[in-house]
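# A closer look at the structure
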Amino acid sequence: MKALLLIDIQNGFCPGGNLAVPDGDAVVPVANRLIREGGYDVIVASQDWHPADHGSFASQHLGAKAFDMGELSGQPQVLWPDHCVQGTSDAEFHPDLEMDEVDYIQQKGENAGVDSYSAFRDNDHAALTGLAGYLKAQLVNELDVCGLATDYCVKFSALDARDMLPDIKVRFVSDASRGIDPQGVKDAISEMKARGVGIVTSDEILAD
Ligand code: VGL
Ligand code: ZN
């Protein structure tokens with residue numbers, strides 16, 4: 001069974017959003033083509049879904065400003081602008097993303113005390129989201145990962161898929177993803193490659 005994992009294609013990470021990724025909305029038409037024509041049996045979308053007082057927000061740290069380094073749950077933490085707060089339009093999926101074909105939505109980042117870049121588990125690895133169990137139950141053996149942002153949630157989700165589902169073939173779809181920092185994207189791609197994640201384009205997938 002082939003699955004597509006769409007990471008955080010939400011207003012907050014697109015132009016006009018609170019944590020806009022450069023060119024973030026460019027992933028939407030590519031994701032839609034994969035949804036329609038990619039031949040997937042299972043389609044999952046993750047949704048960054050923070051309480052208003054989430055500890056990853058710079059606003060929750062005295063004297064901090066967005067993009068400073070801080071600490072959360074005993075780990076170094078980039079302090080973000082308030083983003084993807086539950087129930088706000090910032091947290092909604094991009095309006096053009098074709099959600100009709102999405103089988104499962106995995107929300108994450110609800111615990112104010114820890115961040116969750118990965119759609120599989122919190123950054124401290126203490127709590128699982130349930131996504132690994134869902135994919136196993138669906139007998140998924142191939143997983144393509146894409147979305148926003150390459151250097152954070154996409155990378156951590158792809159690496160956790162490798163760690164937590166070692167029998168699944170995992171690929172990163174480069175043109176269906178955008179990152180926050182250009183060097184961060186390069187490093188993320190090297191790290192994913194080194195950990196056994198394949199790198200593909202949507203054209204390669206659609207040509208199969
Ligand atoms: C993300 C930073 C904070 C992401 C989420 O989706 O990549 N990045 N929260
Ligand atoms: Zn977040």
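If you look the protein chain up in an unreviewed UniProt entry, it shows as nicotinamidase from Neorhizobium huautlense. Its UniProt record, at the heading Pathway (unreviewed entry), says of the protein chain: "Cofactor biosynthesis; nicotinate biosynthesis; nicotinate from nicotinamide: step 1/1." Check the Sequence similarities (unreviewed entry) section of the UniProt entry for the protein chain; it says "Belongs to the isochorismatase family."

### Describing the site of ligand 1
For ligand 1, the full set of nearby residues is Asp8, Phe13, Leu19, Asp48, Trp80, His83, Tyr117, Leu148, Ala149, Tyr152 and Cys153. Between Asp48 and ligand 1, the recorded distance is 3.1 Å, taken from a side-chain N or O atom to a nitrogen atom. His83 places a side-chain nitrogen or oxygen 3.1 Å from a nitrogen atom of ligand 1. For ligand 1, whose unbound accessible area comes to 260 Å², protein coverage reaches 100%. Taken atom by atom, the bulk of ligand 1 overlaps the largest cavity. Residue composition of the shell around ligand 1, by class: 8 nonpolar, 1 polar and 2 charged.

### Let's talk about the nonpolar core
Leu6, Phe120, Leu135 and Leu143 are the most contacted members of the largest nonpolar core, which has 59 residues in total. Contributions of two or more residues to this core are made by strand E1 (2–7), helix H1 (27–37), strand E2 (42–48), helix H2 (131–137), strand E6 (142–148), helix H3 (150–164), strand E7 (169–178) and helix H4 (182–194). Ignoring sequence-local partners within four residues, the contact set of Leu135 consists of Ala3, Val44, Phe120, Val140, Leu143 and Leu165.

Rules and cut-offs
- Residues numbered from 1 in each chain as written.
- Chains lettered and ligands numbered in written order.
- Predicted model: local features only at pLDDT ≥ 70, side-chain atom pairs only at ≥ 80, totals over all residues.
- Heavy atoms only, no water.
- UniProt positions renumbered as here; feature names shortened; annotations may be inferred.
- Near = heavy atom within 4 Å.
- Polar contact = N/O pair within 3.5 Å; in protein donor to acceptor, adjacent residues only side chain to side chain.
- Areas by Shrake-Rupley, 256 points an atom, 1.4 Å probe, with all protein chains shown as cover.
- 1 Å grid on protein atoms, 1.4 Å probe; cavity = no way out; pocket = protein on both sides within 12 Å on 5 of 7 lines; lining within 4 Å.
- Sits in = over half its atoms within 2 Å of the grid points.
- Nonpolar A, V, L, I, M, F, W, Y, C, P; charged D, E, K, R; others polar.
- Core = buried A, V, L, I, M, F, W, Y, C linked by side-chain atoms within 4.5 Å.
- Buried < 20%, exposed > 50% of the residue type's maximum accessible area, 1.4 Å probe, protein only.
- Helix = DSSP H or I, 4+ residues; strand = E, 2+ residues; numbered from the N terminus.
- Contact = heavy atoms within 4.5 Å.

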